[in-house]
Amino acid sequence: MKRLFINIKELLQVREANTLKVSGKDMKVLPSLKNAFLLVEGDTIAAYGAMESVDTKNADEVIDATGKMILPTWCDSHTHLVYAGNREQEFVDRINGLTYEEIANKGGGILNSAKTLQQTPEEELYEQSRKRLENVMKLGTGAIEIKSGYGLTAEAEIKMLNVIKKLKENYPATIKSTFLGAHAVPENYKNNKDGYVQKVIDEILPEVGKSKLADYIDVFCEKGYFSVADMEAILEAAKTYGLTPKVHVNQFNAIGGIQAAVKHRALTVDHLEVMPDEDIEALKKTVTMPVGLPLCSYFLSIPYAPGRKLIEAGLPFVLATDYNPGSSPSGNMNQVVAAACIKMKLTPAEAINAATINGAHAMGVSRTHGSITKGKKANIILTKEIPSYGFLPYDFGNNNIDKVMINGEFVS
Ligand SMILES: [Zn+2]
């Protein structure tokens, strides 16, 4: 099947195959072709160029994109999309004045999600999760990372990872999975955090490692959750199973998690709402990418990661949703891009780079995803008629997507 898009007003994020991420000043540039065509063959981007050079003869289907733009689908490198139930009651509690920490102390928060998940059969968990995945695919997400971490027992963590595996098998979106056993200290280890860390290392991690169900390892490194020493012990143990770190750090406090993550060659450090200068400095000239999660800041009314400052420091900034029931019950990357422009002062070009090519690299898929490049997966967003790509974040909250294609097929 050969599908040809013609008269594309602007084809965005057109790059050579050797660009796997963009950093600092380069993020200001969003390479594009105006009045272009794009040829998709099977599940692959086969060709593109100026309309003057288009050849319509061999196409099975021709799609007229007059007035519309095409960009690669979003790459959402940080989500907790597999969860059971919702937490809108806590949302109301927060409106009525309780803090995130007070809700956690009341047995709410992550532990509330863990209790519900442990009681939910795998089939039911899959049903709830697939609806969320279908929804974000329609919103333009073509590659997504999903974490475990609401199980907190070997059995329930494996159940979550199995659900992620089934999603991988049944949907065209590319999915990477991350083991986040150290997401919270479970109720029965309340006064024995060290015991739980040891259980993660000695019991849960080996099962996950054997099962080959995870691509990455994550730890919630934060006061009241897991210390830097806990995180380092878990990352060290995960090396045996070939799991690369992608970690939660600096959400509420800077406690040295970034320096430790860099030491362990983490692919990403995520959250970064609290970011002293020495932590920004620690990321320079490393393989570790900073990831901002603006919808979490919006939903919790906490500071935003300093995206502008991180880009000005020359770093490859990434944007993701943090889709989860407690602090970001939305997986909408369009909203993330808008929030990054409005609240982090990124330009639309920087935000789109952070949410496509850099998002792809932040989950190890930038050789196949994240840009319009010959040979990459045909994962594209066809917009409605829009005046310029800056209109996408400007017109926030409105849906400017006409069609989404993943692996060469339209998402319906
Ligand atoms: Zn998260």
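Residues numbered from 1 in each chain as written. Predicted model: local features only at pLDDT ≥ 70, side-chain atom pairs only at ≥ 80, totals over all residues. Heavy atoms only, no water.

## Considerations on unusual backbone geometry
Its identity as a non-glycine residue notwithstanding, Lys345 has a phi of 60 degrees, on the positive side. Along the chain, the position of Lys345 falls in the loop between helix H12 (333-343) and helix H13 (348-355). Judged by its relative accessible area of 56%, Lys345 is exposed. A positive phi is found at Asn407, a non-glycine position, where the angle reads about 50 degrees. Here Asn407 lies in the loop between strand S15 (401-406) and strand S16 (409-410). (Helix = DSSP H or I, 4+ residues; strand = E, 2+ residues; numbered from the N terminus. Buried < 20%, exposed > 50% of the residue type's maximum accessible area, 1.4 Å probe, protein only.)

## Side note on the coordination of the zinc ion
Coordination sphere of the zinc ion, protein contribution only: His78 (NE2), His80 (NE2), His248 (NE2) and Asp322 (OD), at 2.1 to 2.2 Å. Written as a sequence motif, the donor residues of the zinc ion are H-x1-H-x167-H-x73-D. Here His248 lies in strand S10 (residues 244-249) and His78 lies in the loop between strand S6 (74-76) and helix H1 (88-95), a separation of 170 residues in the sequence. Summarising the burial analysis for this pair, His78 and His248 share the class buried. (Donors = N, O, S within 2.8 Å, 3.2 Å for Na, K, Ca; no water.)

## Topic: empty space enclosed by the protein
Throughout the structure, instances matching the rule amount to three cavities of 30 Å³ or more. If you add up the space inside the largest cavity, you get close to 110 Å³. Every residue lining the largest cavity is counted, 14 residues in all, and those nearest its centre are Tyr100, His183, Asp322, Asn324 and Ser327. Along the lines of polarity and charge, the residues of the lining of the largest cavity split into four nonpolar, eight polar and two charged. Approximately 80 Å³ is the volume found for the second largest cavity. Every residue lining the second largest cavity is listed: Arg87, Glu90, Phe91, Arg94, Tyr100, Ile103, Gly109, Phe299, Pro325 and Gly326. Sorting the residues of the lining of the second largest cavity by element identifies H1 and helix H2 (100-105) as the ones contributing at least two each. (1 Å grid on protein atoms, 1.4 Å probe; cavity = no way out; pocket = protein on both sides within 12 Å on 5 of 7 lines; lining within 4 Å. Points joined across faces, edges and corners; volume = space filled by probe spheres on them. Nonpolar A, V, L, I, M, F, W, Y, C, P; charged D, E, K, R; others polar.)

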